[in-house]
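Structure at a glance
Residue strings, one per chain:
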Amino acid sequence: MSRPVTWYLIALHPNELNFNHENLAEIKVAGRQLCIARVQDKLFACAAKCPHAAAPLVNGYVNVQQQVVCPLHRYKFSLENGRNVSGEGYFLKTYPVEEREDGWYVGIY
């Protein structure tokens, strides 16, 4: 049985999210800090801190494989599913993002 998702409007347009030069932004939604990544014309949402040492992912970067890279130890996580792809065994919480007619939404479980 899947958990219910509550959708929150995060921006009418991605430019409202104040992305840094690495196309990462940190926002607060429903009491949670999230990291938002912009990859071409898509947005991805994940927990704001690395599950290993709690480094803020907004200070990292997104590599060409669409993985967010932690600024502290360079652990890499898939933006699609949160899987740790550099082999350390951690898991990054990810959240669904949808573009709708009236803006961009993130789903919180």
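This text follows the structure it describes.
A brief report on the enclosed structure follows. None of the values given here were measured: they were computed from a predicted structure.

With respect to the overall build of the chain
The helix and strand inventory of the chain stands at 0 helices and 10 strands. Listing each helix as α and each strand as β along the chain from the N terminus yields β-β-β-β-β-β-β-β-β-β. Computed over its C-alpha atoms, the radius of gyration of the chain comes to 13 Å, within 12% of the 13 Å expected for a compact globule of 109 residues. Overall, the chain is about 40 × 40 × 25 Å in size when its C-alpha atoms are taken along their principal axes. Counting every position in the chain, which comprises 109 residues, the buried fraction comes to 42%. Accessible area for the chain stands at about 6,300 Å²; split by element, carbon and sulfur atoms hold 46% of it. Distance between charge centres in the chain, computed from 11 positive and 10 negative side chains, equals 10 Å.

Brief notes about unusual backbone geometry
The residue Gln40 is not glycine, and still its phi comes out positive at about 55 degrees. Assessed through its relative accessible area of 71%, Gln40 is described here as exposed. For Gln66, which is not a glycine, the phi torsion comes out positive at approximately 60 degrees. Structurally, Gln66 is set in the loop between β5 (61-62) and β6 (67-69).

A few points about the sheet that holds strand β8 (residues 94-95)
On the basis of which strands lie adjacent, the open sheet formed by 4 strands has the order β2-β3-β4-β8 and antiparallel pairing. Looking at strand neighbours, the two that pair on one side only are β2 (24-29) and β8, the edges of this open sheet. Both strand β4 (residues 42-47) and β8 contribute to a ladder of 2 bridges, which runs antiparallel. What sits directly across from Cys46, in β8, is Thr94.

Remarks on the pattern of salt bridges
Summed over the entire model, instances satisfying the criterion amount to 2 salt bridges. Glu80 is the salt-bridge partner of Lys42, the closest N and O atoms lying 3.7 Å from each other. Remark: Glu80 occurs in the loop between β7 (76-78) and β8 and Lys42 occurs in strand β4; sequence separation between them is 38 residues. Given a relative accessible area of 40%, Lys42 falls into the partly exposed group. Across the salt bridge formed by Arg100 and Glu98, the nearest N and O atoms sit 3.0 Å from each other.

Here we look at the sheet that holds strand β10 (residues 103-108)
Spatial ordering of the open sheet is given by β1-β10-β9, a layout of 3 strands whose pairing is antiparallel. Only two strands of the sheet have a single neighbouring strand rather than two, namely β1 (6-11) and β9 (97-100). Going across the sheet, the axis of each strand differs from the next one's by a mean of 35 degrees, ignoring polarity. Relative to β10, β1 runs antiparallel, the two being bridged by 5 bridges. Its bridge partner lying in β10, Trp7 is registered against Gly107.

Quick notes on the rules
- Residues numbered from 1 in each chain as written.
- Predicted model: local features only at pLDDT ≥ 70, side-chain atom pairs only at ≥ 80, totals over all residues.
- Heavy atoms only, no water.
- Helix = DSSP H or I, 4+ residues; strand = E, 2+ residues; numbered from the N terminus.
- Rg over C-alpha atoms; globule rule 2.2 N^0.38 Å.
- Buried < 20%, exposed > 50% of the residue type's maximum accessible area, 1.4 Å probe, protein only.
- Areas by Shrake-Rupley, 256 points an atom, 1.4 Å probe, with all protein chains shown as cover.
- Lys, Arg positive; Asp, Glu negative; His and termini not counted.
- Charge placed at Lys NZ, Arg CZ, Asp CG, Glu CD.
- Pairing = 2+ DSSP bridges.
- Salt bridge = Lys/Arg side-chain N within 4 Å of Asp/Glu carboxyl O.
- Axes fitted to C-alpha atoms, helices over the stretch in contact; angles between N-to-C directions.

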